[in-house]
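Read off the chains here:
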Amino acid sequence: MIKLKEKWLWDFWISNDNDIWYCYFLQADKSLKDPDLRHNNVTHGLATSKDLINWEYHGTVFTPSKNENFDDYTTWTGSIIKNKNKWHYFYTGRNKKENGSKQRIGHAIGDTPYSFNRYGNGLALDLDKNIYQELESDNYWQDRAMRDPWVMKHPYENKFIMAYTARASIHNDPYQCGVIGMAESNDLYEWKSINPLFGGLFSQLEVPQIFKVKNKWYCLFCNHPEDWSDVFKENYNGPNKRGTHYLIADKFEGPWDLAPGPYLTSSSETELYAGRVIEKDNKFFFMAFLHDDQNGNFIGEISNPIPISFDKNGLMSLEFN
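The structure contained in this document is the topic of the report that follows.

What counts, and at which threshold
- Sequence order as written defines residue numbering, which begins from 1 separately in each chain.
- Restriction of local features to residues with pLDDT of at least 70 applies here, the model being predicted, together with a cutoff of 80 or more for giving and counting side-chain atom pairs; totals for whole chains, interfaces and linings are based on all residues.
- Hydrogens are left out, water is left out, and the side-chain values use all remaining heavy atoms of the structure.
- Strands are labelled as partners when DSSP assigns at least two bridges between them.
- Only runs of H or I of at least four residues qualify as helices and only runs of E of at least two qualify as strands under DSSP, and these elements are numbered from the N terminus.
- Between the N-to-C directions of two axes lies an angle of 0 to 180 degrees, each axis being a line fitted to C-alpha atoms and, for a helix, fitted only over the stretch in contact.
- We call Phe, Tyr and Trp rings a pair once their centres come within 6.5 Å, taking the six-membered ring for Trp, and we label the pair stacked below 30 degrees between planes, edge-to-face above 60, and tilted otherwise.
- The rule is short: NZ of Lys or CZ of Arg within 6 Å of the ring centre and within 35 degrees of the ring normal puts a charge over the ring.
- Buried residues of nine kinds, namely Ala, Val, Leu, Ile, Met, Phe, Trp, Tyr and Cys, make up a nonpolar core once their side-chain atoms join them within 4.5 Å.
- Exposure is judged per residue with a 1.4 Å probe applied to protein chains only, and the accessible area is read against the type maximum: over 50% gives exposed, under 20% gives buried, and values in between give partly exposed.
- Every residue pair with non-hydrogen atoms within 4.5 Å of one another is taken to be in contact.
- Polar contacts, as counted here, are pairs of nitrogen or oxygen atoms within 3.5 Å of one another; within protein the pair requires one atom able to donate a hydrogen and one able to accept it, and residues that are adjacent in sequence qualify only if both atoms are side-chain atoms.
- For salt bridges, the criterion is a side-chain nitrogen of Lys or Arg within 4 Å of an Asp or Glu carboxyl oxygen.
- Only four residue types enter the charge count: Lys and Arg as positive, Asp and Glu as negative, with His and the chain ends excluded.
- In this analysis a 1.4 Å probe is tested at points of a 1 Å grid over the protein atoms alone, and where it fits but cannot get out there is a cavity; an open set with protein on both sides within 12 Å along at least five of seven lines is a pocket; lining residues have an atom within 4 Å of a point.
- Grid points are joined across faces, edges and corners, and a volume is the space filled by probe spheres set on the points.
- Each residue is assigned to one class: nonpolar for Ala, Val, Leu, Ile, Met, Phe, Trp, Tyr, Cys and Pro, charged for Asp, Glu, Lys and Arg, and polar for all the others, Gly among them.

### As for the sheet that holds strand 12 (residues 192-199)
Taking strand neighbours across the sheet as the criterion, the four strands line up as 9-10-11-12 in an open arrangement whose pairing is antiparallel. Among the strands making up the open sheet, the edge pair consists of strand 9 (146-153) and strand 12. Here the average twist between neighbouring strands, direction ignored, is 25 degrees. Strand direction decides the pairing type here: strand 9 and strand 10 (residues 160-167), joined by six bridges, are antiparallel. Across the sheet, the residue bridging to Val-151 is Met-162, located in strand 10.

### Considering the packing of aromatic side chains
Within this structure, the stated rule accounts for 33 aromatic pairs. Among the aromatic residues, those joined into a cluster by ring pairs are Trp-13, Tyr-24, Phe-62, Phe-70, Tyr-89, Tyr-91 and Phe-116. We note Arg-38 situated over the ring of Phe-298; from NZ or CZ to the ring centre the distance is 4.0 Å. Its end group placed over the ring of Trp-141, Arg-167 keeps NZ or CZ at 4.3 Å from the ring centre.

### Overview of unusual backbone geometry
Look at the link from Gly-254 to Pro-255: it is a cis peptide, with omega at 5 degrees. As for its position among the elements, Pro-255 is in the loop between strand 15 (243-249) and strand 16 (257-258). Positive phi values are uncommon outside glycine, yet Asp-19 reaches one of about 65 degrees. Note that Asp-19 resides in the loop between strand 1 (7-17) and strand 2 (20-29).

### So, the nonpolar core
Core analysis: the largest hydrophobic core is formed by 41 residues, its most contacted members being Met-162, Met-182, Trp-191, Ile-210 and Trp-256. The set of elements that each furnish at least two residues to this core consists of strand 8 (115-125), strand 9, strand 10, strand 11 (178-185), strand 12, strand 14 (216-223) and strand 15. Of the residues forming this core, the biggest block, six residues, is contributed by strand 10. Ignoring any residue separated from it by four or fewer positions in sequence, one finds Met-182 in contact with Tyr-132, Ile-161, Met-162, Ala-163, Tyr-164, Ser-193, Ile-194, Asn-195, Pro-196, Leu-197, Ile-210 and Phe-252. Counting 39 residues, the second-largest nonpolar core is a separate cluster that includes Trp-8, Tyr-24, Leu-26 and Tyr-89.

### A word on the pairing of strand 11
Consecutive side chains of a regular strand alternate in pointing toward one face of the sheet and then the other. Of all the eight residues making up strand 11, seven are buried; the element is thus mostly covered by neighbouring parts of the structure. Bridge count for strand 10 against strand 11 is eight bridges, and the pairing is antiparallel. Paired with Ala-163 across the bridge in strand 11 is Met-182. By the bridge criterion, five bridges tie strand 11 to strand 12 in an arrangement that is antiparallel. Bridged to Ile-180 within strand 12 is Phe-198.

### Some remarks on the environment of Tyr-246
Note on placement: Tyr-246 falls in strand 15. On the basis of relative accessible area, Tyr-246 is assigned to the buried category, the value being 2%. Residues Tyr-246 and Tyr-218 lie 28 residues apart in sequence; the distance between their C-alpha atoms is 6.5 Å. Not counting residues within four places of it along the chain, the set of residues in contact with Tyr-246 comprises Tyr-218, Cys-219, Leu-220, Phe-221, Asp-257, Leu-258, Ala-259, Leu-264, Leu-315 and Met-316. Looking at Tyr-246, its side chain comes within polar contact range of the main-chain nitrogen of Met-316, at 2.8 Å.

### Considering the sheet that holds strand 14
Reading across from one edge, 13-14-15-16 is the order of the four strands in this open sheet, with antiparallel pairing throughout. Unpaired on one side and paired on the other, strand 13 (206-213) and strand 16 mark the two borders of the sheet. Direction of pairing for strand 14 relative to strand 15: antiparallel, over a ladder of seven bridges. Counterpart to Cys-219 in the pairing with strand 15 is Leu-247.

### A closer look at the side chain of Glu-134
One can find Glu-134 in the loop between strand 8 and strand 9. Classification of Glu-134 by relative accessible area gives buried; the value is 17%. Residues in contact with Glu-134, not counting those within four places in the same chain, are Lys-102, Leu-127, Lys-129, Asn-139 and Arg-144.

### Focus: the pattern of salt bridges
Taken as a whole and assessed by the stated rule, the structure comprises 20 salt bridges. As a salt-bridge pair, Arg-104 and Glu-98 come within 2.9 Å of each other at their nearest N and O atoms. Judged by relative accessible area, which is 23%, Glu-98 ranks as partly exposed. When salt bridges with common partners are traced through the structure, they connect Glu-98, Lys-102, Arg-104, Asp-126, Glu-134 and Arg-144 into a single cluster.

### Considering the side chain of Glu-301
Tracing the backbone shows Glu-301 in strand 19 (residues 298-302). We note that Glu-301 is buried and unpaired, the nearest opposite charge coming from Lys-3 at a distance of 4.7 Å.

### What to know about the layout of surface pockets
In this structure, the largest pocket spans a volume of roughly 660 Å³. Together, 24 residues line the largest pocket, and Ile-14, Trp-150, Gln-209, Ile-210 and Val-277 are the ones closest to its centre. Elements with a contribution of two residues or more to the lining of the largest pocket: strand 1, strand 5 (74-83), strand 9, strand 13 and strand 17 (272-280). It is strand 1 that provides the largest number of residues to the lining of the largest pocket, a total of five residues. Its residues assigned to classes, the lining of the largest pocket comprises 14 nonpolar, four polar and six charged. Its volume calculated, the second largest pocket comes out at about 560 Å³. Contributing elements (two or more residues each) for the lining of the second largest pocket: strand 1, strand 5, strand 9, strand 13 and strand 18 (283-292). A class-by-class count of the residues in the lining of the second largest pocket yields eight nonpolar, nine polar and nine charged.

Here it is, written out as C-alpha coordinates:
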(Lines give C-alpha, C1' and ligand atoms only; values in the text may rest on other atoms or scores of the structure.)
Protein backbone atom coordinates (compact mmCIF):
# COMPACT_ATOMS: atom_id res chain seq x y z
CA MET A 1 0.00 0.00 0.00
CA ILE A 2 0.98 3.66 -0.15
CA LYS A 3 1.83 5.03 3.27
CA LEU A 4 4.24 7.66 4.51
CA LYS A 5 5.68 7.82 8.01
CA GLU A 6 5.39 11.60 8.30
CA LYS A 7 2.18 12.23 6.35
CA TRP A 8 -1.49 11.32 6.23
CA LEU A 9 -2.75 10.40 2.76
CA TRP A 10 -6.35 10.40 1.61
CA ASP A 11 -8.28 11.10 -1.65
CA PHE A 12 -6.30 10.01 -4.71
CA TRP A 13 -6.47 9.62 -8.50
CA ILE A 14 -4.53 7.24 -10.71
CA SER A 15 -3.30 7.22 -14.30
CA ASN A 16 -1.28 4.74 -16.35
CA ASP A 17 1.22 5.58 -19.08
CA ASN A 18 3.80 3.26 -20.65
CA ASP A 19 3.19 0.63 -17.95
CA ILE A 20 3.85 3.06 -15.10
CA TRP A 21 1.08 3.84 -12.65
CA TYR A 22 0.94 7.41 -11.35
CA CYS A 23 -0.97 7.93 -8.11
CA TYR A 24 -1.65 11.51 -7.01
CA PHE A 25 -3.07 12.07 -3.55
CA LEU A 26 -3.93 14.60 -0.88
CA GLN A 27 -1.33 14.72 1.88
CA ALA A 28 -0.80 16.56 5.15
CA ASP A 29 1.91 16.48 7.80
CA LYS A 30 1.26 14.34 10.86
CA SER A 31 2.94 17.09 12.89
CA LEU A 32 -0.53 18.70 12.85
CA LYS A 33 -1.40 16.03 15.47
CA ASP A 34 -5.14 16.26 14.74
CA PRO A 35 -6.09 14.59 11.41
CA ASP A 36 -9.19 16.80 11.18
CA LEU A 37 -6.82 19.73 10.52
CA ARG A 38 -5.53 18.08 7.35
CA HIS A 39 -8.21 19.55 5.08
CA ASN A 40 -6.89 23.11 5.41
CA ASN A 41 -3.21 22.13 5.43
CA VAL A 42 -3.05 20.07 2.27
CA THR A 43 -0.75 19.57 -0.72
CA HIS A 44 -0.68 16.99 -3.50
CA GLY A 45 1.84 14.15 -3.51
CA LEU A 46 2.82 11.64 -6.19
CA ALA A 47 3.90 8.01 -6.08
CA THR A 48 4.65 5.69 -9.00
CA SER A 49 4.51 1.93 -9.38
CA LYS A 50 4.82 -0.80 -12.00
CA ASP A 51 2.61 -3.30 -10.16
CA LEU A 52 0.24 -1.24 -7.94
CA ILE A 53 1.89 -2.84 -4.91
CA ASN A 54 5.37 -1.35 -4.61
CA TRP A 55 5.41 2.45 -4.76
CA GLU A 56 8.08 5.14 -5.03
CA TYR A 57 7.23 8.50 -3.49
CA HIS A 58 8.19 11.57 -5.55
CA GLY A 59 7.32 14.27 -3.03
CA THR A 60 4.97 17.21 -3.46
CA VAL A 61 3.82 17.99 -7.01
CA PHE A 62 1.12 20.62 -6.49
CA THR A 63 0.27 23.22 -3.83
CA PRO A 64 -2.18 26.08 -3.24
CA SER A 65 -1.39 29.32 -5.09
CA LYS A 66 1.28 31.44 -3.42
CA ASN A 67 -0.48 34.64 -4.55
CA GLU A 68 -4.11 35.69 -4.09
CA ASN A 69 -6.19 33.42 -6.28
CA PHE A 70 -9.30 31.20 -6.29
CA ASP A 71 -7.10 28.38 -4.93
CA ASP A 72 -4.80 30.17 -2.49
CA TYR A 73 -6.28 28.40 0.57
CA THR A 74 -6.52 24.74 -0.42
CA THR A 75 -6.15 22.48 -3.41
CA TRP A 76 -8.28 19.38 -3.02
CA THR A 77 -9.20 16.24 -4.96
CA GLY A 78 -8.84 16.02 -8.74
CA SER A 79 -8.05 13.85 -11.73
CA ILE A 80 -5.59 13.72 -14.61
CA ILE A 81 -5.89 12.95 -18.32
CA LYS A 82 -3.26 12.82 -21.07
CA ASN A 83 -4.17 14.39 -24.41
CA LYS A 84 -1.89 15.34 -27.34
CA ASN A 85 1.24 14.72 -25.26
CA LYS A 86 0.10 17.09 -22.54
CA TRP A 87 -0.97 16.08 -19.05
CA HIS A 88 -4.11 17.92 -17.97
CA TYR A 89 -4.40 18.10 -14.20
CA PHE A 90 -7.78 19.07 -12.74
CA TYR A 91 -8.34 19.83 -9.07
CA THR A 92 -10.56 21.57 -6.49
CA GLY A 93 -9.66 25.07 -5.29
CA ARG A 94 -10.78 27.23 -2.34
CA ASN A 95 -9.61 30.71 -1.43
CA LYS A 96 -8.81 32.62 1.76
CA LYS A 97 -10.94 35.67 0.95
CA GLU A 98 -14.09 33.55 1.14
CA ASN A 99 -12.69 31.54 4.05
CA GLY A 100 -12.89 28.45 1.86
CA SER A 101 -16.68 28.59 1.63
CA LYS A 102 -16.84 28.27 -2.18
CA GLN A 103 -15.29 25.45 -4.17
CA ARG A 104 -14.24 25.75 -7.82
CA ILE A 105 -12.56 23.50 -10.38
CA GLY A 106 -8.96 24.24 -11.40
CA HIS A 107 -6.79 23.19 -14.36
CA ALA A 108 -3.02 22.86 -14.67
CA ILE A 109 -0.90 21.40 -17.48
CA GLY A 110 2.34 19.43 -17.56
CA ASP A 111 4.71 18.28 -20.28
CA THR A 112 5.40 15.33 -17.99
CA PRO A 113 3.30 13.74 -15.23
CA TYR A 114 5.70 15.02 -12.56
CA SER A 115 5.02 18.78 -12.51
CA PHE A 116 2.24 21.15 -13.56
CA ASN A 117 1.63 24.83 -14.21
CA ARG A 118 -1.77 26.47 -13.94
CA TYR A 119 -3.49 27.28 -17.22
CA GLY A 120 -3.94 31.04 -16.87
CA ASN A 121 -4.88 31.61 -13.24
CA GLY A 122 -5.96 27.97 -13.11
CA LEU A 123 -9.72 28.45 -13.01
CA ALA A 124 -11.41 25.92 -15.31
CA LEU A 125 -15.03 25.97 -14.14
CA ASP A 126 -17.05 28.12 -11.76
CA LEU A 127 -20.53 27.26 -10.57
CA ASP A 128 -23.49 27.69 -12.95
CA LYS A 129 -26.17 28.93 -10.56
CA ASN A 130 -28.87 28.24 -13.15
CA ILE A 131 -28.23 24.52 -12.66
CA TYR A 132 -26.39 24.10 -9.34
CA GLN A 133 -26.89 25.41 -5.83
CA GLU A 134 -25.12 28.67 -5.07
CA LEU A 135 -24.17 29.65 -1.51
CA GLU A 136 -26.82 32.03 -0.20
CA SER A 137 -27.34 33.53 3.24
CA ASP A 138 -30.39 31.34 3.86
CA ASN A 139 -28.81 28.10 2.63
CA TYR A 140 -28.93 25.04 4.85
CA TRP A 141 -25.26 24.30 4.09
CA GLN A 142 -22.27 26.42 5.06
CA ASP A 143 -20.33 25.83 1.88
CA ARG A 144 -20.87 25.67 -1.87
CA ALA A 145 -20.15 22.19 -3.14
CA MET A 146 -18.21 22.02 -6.41
CA ARG A 147 -15.30 19.63 -6.08
CA ASP A 148 -13.66 16.27 -6.92
CA PRO A 149 -13.55 16.61 -10.73
CA TRP A 150 -13.34 13.37 -12.73
CA VAL A 151 -12.41 14.11 -16.38
CA MET A 152 -12.61 11.61 -19.23
CA LYS A 153 -13.26 11.39 -22.95
CA HIS A 154 -16.91 11.25 -23.89
CA PRO A 155 -17.72 7.63 -24.78
CA TYR A 156 -19.42 8.45 -28.10
CA GLU A 157 -18.72 12.06 -29.05
CA ASN A 158 -15.58 14.03 -29.85
CA LYS A 159 -15.45 15.91 -26.57
CA PHE A 160 -14.63 15.54 -22.88
CA ILE A 161 -16.84 15.27 -19.83
CA MET A 162 -16.31 16.13 -16.18
CA ALA A 163 -18.20 14.69 -13.24
CA TYR A 164 -17.99 16.45 -9.87
CA THR A 165 -19.54 16.72 -6.41
CA ALA A 166 -22.27 19.38 -6.26
CA ARG A 167 -25.73 20.25 -4.96
CA ALA A 168 -28.83 21.32 -6.87
CA SER A 169 -32.17 22.67 -5.67
CA ILE A 170 -34.07 19.59 -6.74
CA HIS A 171 -35.90 18.85 -3.47
CA ASN A 172 -37.25 20.58 -0.36
CA ASP A 173 -35.16 18.23 1.79
CA PRO A 174 -31.52 19.47 1.70
CA TYR A 175 -30.41 15.90 2.29
CA GLN A 176 -31.83 15.00 -1.12
CA CYS A 177 -30.04 17.81 -2.99
CA GLY A 178 -26.62 16.20 -3.43
CA VAL A 179 -25.88 15.46 -7.10
CA ILE A 180 -23.19 14.23 -9.45
CA GLY A 181 -22.59 17.47 -11.33
CA MET A 182 -21.54 17.37 -14.98
CA ALA A 183 -19.73 19.60 -17.48
CA GLU A 184 -18.43 19.19 -21.02
CA SER A 185 -15.60 20.59 -23.15
CA ASN A 186 -14.40 20.27 -26.72
CA ASP A 187 -10.74 20.85 -25.86
CA LEU A 188 -10.19 20.49 -22.07
CA TYR A 189 -9.70 24.28 -21.79
CA GLU A 190 -13.20 25.76 -22.05
CA TRP A 191 -15.88 24.09 -19.94
CA LYS A 192 -19.66 24.40 -19.71
CA SER A 193 -21.86 22.93 -16.98
CA ILE A 194 -24.71 20.64 -18.00
CA ASN A 195 -27.48 18.92 -16.05
CA PRO A 196 -26.44 16.53 -13.27
CA LEU A 197 -26.02 12.81 -13.80
CA PHE A 198 -27.87 11.77 -10.64
CA GLY A 199 -29.33 13.13 -7.43
CA GLY A 200 -32.11 12.87 -4.89
CA LEU A 201 -30.93 10.51 -2.14
CA PHE A 202 -27.97 12.15 -0.38
CA SER A 203 -26.68 15.54 0.73
CA GLN A 204 -23.45 14.83 -1.14
CA LEU A 205 -21.85 12.21 -3.37
CA GLU A 206 -18.10 12.67 -3.10
CA VAL A 207 -15.23 11.68 -5.41
CA PRO A 208 -17.12 10.38 -8.48
CA GLN A 209 -15.50 8.11 -11.08
CA ILE A 210 -17.32 6.98 -14.24
CA PHE A 211 -16.25 3.82 -16.09
CA LYS A 212 -17.63 0.98 -18.20
CA VAL A 213 -17.27 -2.79 -17.76
CA LYS A 214 -18.70 -4.96 -20.55
CA ASN A 215 -22.22 -3.67 -21.19
CA LYS A 216 -22.71 -1.74 -17.93
CA TRP A 217 -21.81 1.80 -16.87
CA TYR A 218 -20.78 2.62 -13.31
CA CYS A 219 -20.24 5.77 -11.25
CA LEU A 220 -18.42 5.38 -7.95
CA PHE A 221 -19.08 7.78 -5.09
CA CYS A 222 -18.55 7.89 -1.35
CA ASN A 223 -20.23 9.53 1.64
CA HIS A 224 -20.99 9.33 5.35
CA PRO A 225 -24.15 8.22 7.19
CA GLU A 226 -24.74 11.87 8.11
CA ASP A 227 -25.11 12.52 4.34
CA TRP A 228 -27.96 10.02 3.98
CA SER A 229 -31.53 11.24 3.52
CA ASP A 230 -34.42 9.72 5.47
CA VAL A 231 -35.74 8.31 2.18
CA PHE A 232 -32.47 6.45 1.63
CA LYS A 233 -32.22 5.22 5.22
CA GLU A 234 -35.76 3.83 5.14
CA ASN A 235 -34.79 1.42 2.36
CA TYR A 236 -31.15 0.70 3.26
CA ASN A 237 -30.22 -2.73 4.60
CA GLY A 238 -26.48 -2.27 5.20
CA PRO A 239 -24.31 -1.16 8.14
CA ASN A 240 -24.33 2.43 9.30
CA LYS A 241 -20.80 3.50 8.36
CA ARG A 242 -19.02 5.64 5.79
CA GLY A 243 -17.78 4.05 2.60
CA THR A 244 -17.74 3.82 -1.18
CA HIS A 245 -20.69 2.74 -3.30
CA TYR A 246 -21.81 3.15 -6.92
CA LEU A 247 -24.50 3.98 -9.43
CA ILE A 248 -25.19 1.67 -12.37
CA ALA A 249 -26.75 2.17 -15.82
CA ASP A 250 -27.26 0.25 -19.05
CA LYS A 251 -26.31 3.33 -21.08
CA PHE A 252 -24.07 6.28 -20.39
CA GLU A 253 -27.08 8.56 -20.95
CA GLY A 254 -28.89 6.79 -18.11
CA PRO A 255 -31.10 6.37 -16.33
CA TRP A 256 -28.65 5.89 -13.48
CA ASP A 257 -29.77 3.94 -10.43
CA LEU A 258 -28.22 3.32 -7.06
CA ALA A 259 -26.82 -0.20 -6.89
CA PRO A 260 -29.00 -2.29 -4.53
CA GLY A 261 -27.85 -3.73 -1.25
CA PRO A 262 -25.17 -2.59 1.21
CA TYR A 263 -22.36 -0.26 0.17
CA LEU A 264 -19.61 -1.84 -1.91
CA THR A 265 -17.14 -1.50 0.97
CA SER A 266 -19.48 -2.53 3.79
CA SER A 267 -17.78 -5.86 4.50
CA SER A 268 -14.39 -4.25 5.16
CA GLU A 269 -13.38 -3.96 8.81
CA THR A 270 -11.52 -0.74 7.99
CA GLU A 271 -13.53 2.04 6.36
CA LEU A 272 -12.55 2.30 2.69
CA TYR A 273 -13.25 5.80 1.41
CA ALA A 274 -12.91 7.72 -1.87
CA GLY A 275 -12.43 4.47 -3.79
CA ARG A 276 -11.22 4.09 -7.36
CA VAL A 277 -11.60 1.25 -9.86
CA ILE A 278 -8.49 0.36 -11.89
CA GLU A 279 -8.24 -1.96 -14.89
CA LYS A 280 -5.02 -3.99 -15.10
CA ASP A 281 -4.38 -6.97 -17.40
CA ASN A 282 -8.07 -7.12 -18.33
CA LYS A 283 -9.04 -7.47 -14.68
CA PHE A 284 -10.62 -4.89 -12.41
CA PHE A 285 -9.39 -3.83 -8.99
CA PHE A 286 -10.55 -1.48 -6.27
CA MET A 287 -8.34 0.84 -4.26
CA ALA A 288 -9.37 3.28 -1.53
CA PHE A 289 -7.81 5.20 1.28
CA LEU A 290 -8.05 3.72 4.76
CA HIS A 291 -10.23 6.10 6.76
CA ASP A 292 -10.98 4.88 10.27
CA ASP A 293 -10.11 1.63 11.98
CA GLN A 294 -12.57 -0.26 14.18
CA ASN A 295 -11.78 2.08 17.08
CA GLY A 296 -12.52 5.21 15.09
CA ASN A 297 -8.88 6.23 14.62
CA PHE A 298 -7.96 7.93 11.34
CA ILE A 299 -5.40 5.90 9.36
CA GLY A 300 -4.56 7.94 6.24
CA GLU A 301 -3.00 5.30 3.96
CA ILE A 302 -3.94 4.03 0.49
CA SER A 303 -4.85 0.37 0.15
CA ASN A 304 -3.43 -2.34 -2.04
CA PRO A 305 -5.65 -3.24 -5.02
CA ILE A 306 -8.59 -5.48 -4.13
CA PRO A 307 -10.00 -7.75 -6.89
CA ILE A 308 -13.56 -7.04 -8.03
CA SER A 309 -16.06 -9.65 -9.16
CA PHE A 310 -19.22 -8.98 -11.18
CA ASP A 311 -22.39 -11.04 -10.97
CA LYS A 312 -24.74 -11.80 -13.88
CA ASN A 313 -26.51 -8.46 -13.35
CA GLY A 314 -23.25 -6.53 -13.35
CA LEU A 315 -23.30 -5.86 -9.62
CA MET A 316 -19.87 -5.54 -8.06
CA SER A 317 -18.39 -7.14 -4.96
CA LEU A 318 -14.92 -6.96 -3.45
CA GLU A 319 -12.90 -10.16 -3.07
CA PHE A 320 -11.13 -9.77 0.26
CA ASN A 321 -8.53 -12.39 1.14
